[in-house]
Amino acid sequence: MVGKGASLLEDVVIVGGLLVAQCVLAGYVVFVDHLLGLGAHPLAIIAVAGVASAAFFLPFAVALERKRWPSKVSGTLLAQLVLIALGGTSAFQELMLLGIKKTTPAVASAMPNLSPGLIFIVAACLRLERFDRACKYTRAKMAGTVVCLVGAMAMSFLHSAASSSSSSSPKEAAAAAAGSYCDWILGCSYLVGAAVVLALVTVLQAATLASFPAPLTMCSITSAMGAAFTAILQVVVEGRFGMGSPKIDATLIAGIVVMGGVVGGSCIVFQAWCLGKKGPLFVSVFGPVQTVCSAILSASLLGHKLSLGSLAGIVLMFSGLYLVLRAKRKETLTLGLGGDHPQSQAYDAEKAAPLLS
């Protein structure tokens, strides 16, 4: 009974924590959209938030996880940490910020919901996920992935670019609308790229935590590495490191440190811990919460609106996400019925696909 009670408490903490984390991250996305509107440089935001996150969590990592550190860092572990830093801290965040700048926070929060379907594709290609075209669960996951992709395309192409009310002629208004539409497509392309990177990094994080069960340490190291890589990139591209606009004062920089480094970093560390406990697909179930919160906050605070095409795309993406997750859940339950079940004999999903269980 004690064991069941502890397990139930852990499940409640995980579910409640993931809900709060998604709401907090939605607030940070809206805050970042405001910064970008003021002219902040995306690379500078990533670097400042990464340094703050690493500095905040390093003492906790030393105090709580030092005994889990390996006596010698292997080349494989070092390569994994570098790839997570390049992908999760630098590439993913840069693509997300570029996407936010050209679309809206709600759309930017919705696009990462492609990741469960993409995770399924990546894991199936690497033989880490059960793939049998004759199995109804595999077909359901494939269908869900396709629906997610169709939803992303709908969000990209069915958006109605509003013409500028300040244009002095119909021709200028049409040119403004065309430019807005092109920016929207480009922004959605950035966000799709971010979803692909997120899927790859999520699988890599889950694999890394299996051999290095220290999420605080992993996040501290990868945040510091990612911040360094990003700062170097800005210096190479811009010739110097800077916030990009004089409007970004000390108060806004403090907001980046607190919201992006400390609070946002706490959410990411908590999600990393949940990855080790429940796997990436379970964590991805809560992605739509961030989309809804972002839509509400951006509409109430920034006056952003979603077109009917974008709303249809979001509905399709959530439907596809539900298909993938439901099929995975049913597959796990069915294959766990016992040794005499034919599918259980054919394939043990818990052993063969631990990353997506």
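Conventions we followed
Residues numbered from 1 in each chain as written. Predicted model: local features only at pLDDT ≥ 70, side-chain atom pairs only at ≥ 80, totals over all residues. Heavy atoms only, no water. Helix = DSSP H or I, 4+ residues; strand = E, 2+ residues; numbered from the N terminus. Buried < 20%, exposed > 50% of the residue type's maximum accessible area, 1.4 Å probe, protein only. Areas by Shrake-Rupley, 256 points an atom, 1.4 Å probe, with all protein chains shown as cover. Phe/Tyr/Trp six-rings, centres within 6.5 Å; stacked < 30°, edge-to-face > 60°. 1 Å grid on protein atoms, 1.4 Å probe; cavity = no way out; pocket = protein on both sides within 12 Å on 5 of 7 lines; lining within 4 Å. Points joined across faces, edges and corners; volume = space filled by probe spheres on them. Nonpolar A, V, L, I, M, F, W, Y, C, P; charged D, E, K, R; others polar. Contact = heavy atoms within 4.5 Å. Lys, Arg positive; Asp, Glu negative; His and termini not counted. Salt bridge = Lys/Arg side-chain N within 4 Å of Asp/Glu carboxyl O. Core = buried A, V, L, I, M, F, W, Y, C linked by side-chain atoms within 4.5 Å. pLDDT = per-residue confidence, 0-100. Axes fitted to C-alpha atoms, helices over the stretch in contact; angles between N-to-C directions. Parallel < 35°, antiparallel > 145°, perpendicular 65-115°, else oblique. Left-handed = near helix turned anticlockwise from the far one by under 90°. Polar contact = N/O pair within 3.5 Å; in protein donor to acceptor, adjacent residues only side chain to side chain.

A. Structural view of the overall build of the chain. Per the secondary structure count, the chain includes 14 helices and 0 strands. Ordered by position from the N terminus, the helices and strands of the chain form the series α-α-α-α-α-α-α-α-α-α-α-α-α-α. Across the 357 residues in the chain, those meeting the buried criterion constitute 47%. Here the chain has roughly 17000 Å² of accessible surface; of this, 69% comes from carbon and sulfur atoms.

B. Highlighting the packing of aromatic side chains. Per the counting criterion, the structure on display carries 3 aromatic pairs. A ring pair is formed by Tyr-28 and Phe-31, whose centres lie 6.5 Å apart and whose planes are at 40 degrees; its orientation type is tilted. Taken together, the residues span about one helical turn, with Tyr-28 and Phe-31 both in helix H1 (residues 2–37) at a distance of 3 residues. Like Tyr-28, the residue Phe-31 is buried in the burial classification. Ring geometry for Phe-56 and Phe-60: centres 5.5 Å apart, planes at 50 degrees, overall tilted. Note that Phe-56 and Phe-60 are positioned in helix H2 (residues 42–65) at a spacing of 4 residues, about one turn of the helix. An aromatic cluster of three or more residues is present, and its members are Phe-56, Phe-57 and Phe-60.

C. Broad picture of empty space enclosed by the protein. Applying the stated rule across the entire model yields 1 cavity of 30 Å³ or more. Around the largest cavity, the lining is made up of 45 residues, and of these Leu-25, Phe-92, Leu-198, Ile-268 and Gln-271 lie nearest the centre. Classifying every residue of the lining of the largest cavity by side-chain character gives 25 nonpolar, 20 polar and no charged.

D. Main features of the environment of Ala-224. In this structure, Ala-224 sits in helix H8 (residues 215–238). Accessibility expressed as a relative area gives 38% for Ala-224, which makes it partly exposed. In sequence terms Ala-224 and Ala-54 are 170 residues apart; their C-alpha atoms lie 5.4 Å from each other. In this structure Ala-224 touches Gly-50 and Ala-54, once residues within four positions along its chain are discounted.

E. Summary view of the side chain of Glu-94. With respect to the helices, strands and loops of the structure, Glu-94 is situated in helix H3 (residues 75–102). Although buried, Glu-94 forms no salt bridge, and the nearest oppositely charged side chain, Lys-101, lies 8.8 Å from it. Residues within four places of Glu-94 in sequence aside, it is in contact with Pro-42, Leu-43 and Ile-46.

F. Highlighting the nonpolar core. Of all hydrophobic cores here, the largest spans 59 residues; its most connected members are Leu-35, Ile-45, Met-111, Leu-114 and Ile-256. A per-element tally of this core places helix H7 (residues 170–211) first, with 10 residues.

G. The arrangement of the confidence of the model for the chain in detail. For the chain, mean pLDDT is 76; residues scoring 70 or higher make up 79% of the total. Predicted confidence is poor over residues 161–169, with pLDDT under 50, and the contacts of this stretch with residues over four places away or in other chains come to 10 contacts. Here residues 337–357 scores under 50 on pLDDT; set against residues more than four positions off or in separate chains, the count is 41 contacts.

H. Seen up close, the packing of H2 against H3. In contact at an axis separation of 9 Å, H2 and H3 are set at 135 degrees when each is read in the N-to-C sense. When the interaxial angle is binned, H2 and H3 end up oblique. Of the two elements, H2 crosses H3, and the hand of that crossing is right-handed. Touching Pro-42, Leu-43, Ile-45 and Ile-46 of H2 are Thr-89, Ser-90, Gln-93, Glu-94, Leu-97 and Leu-98, all from H3. Considered class by class, the residues forming the contact of H2 with H3 number 6 nonpolar, 3 polar and 1 charged.

I. Quick peek at the side chain of His-41. The residue His-41 is located in the loop between H1 and H2 in this model. By relative accessible area, His-41 is classed as buried at 17%. In terms of polar contacts, His-41 uses its side chain to reach the side chain of Glu-238, at 3.1 Å. Look past the residues within four positions of His-41 in its chain and what remains in contact with it is Gln-234, Glu-238, Gly-242, Met-243 and Gly-244.

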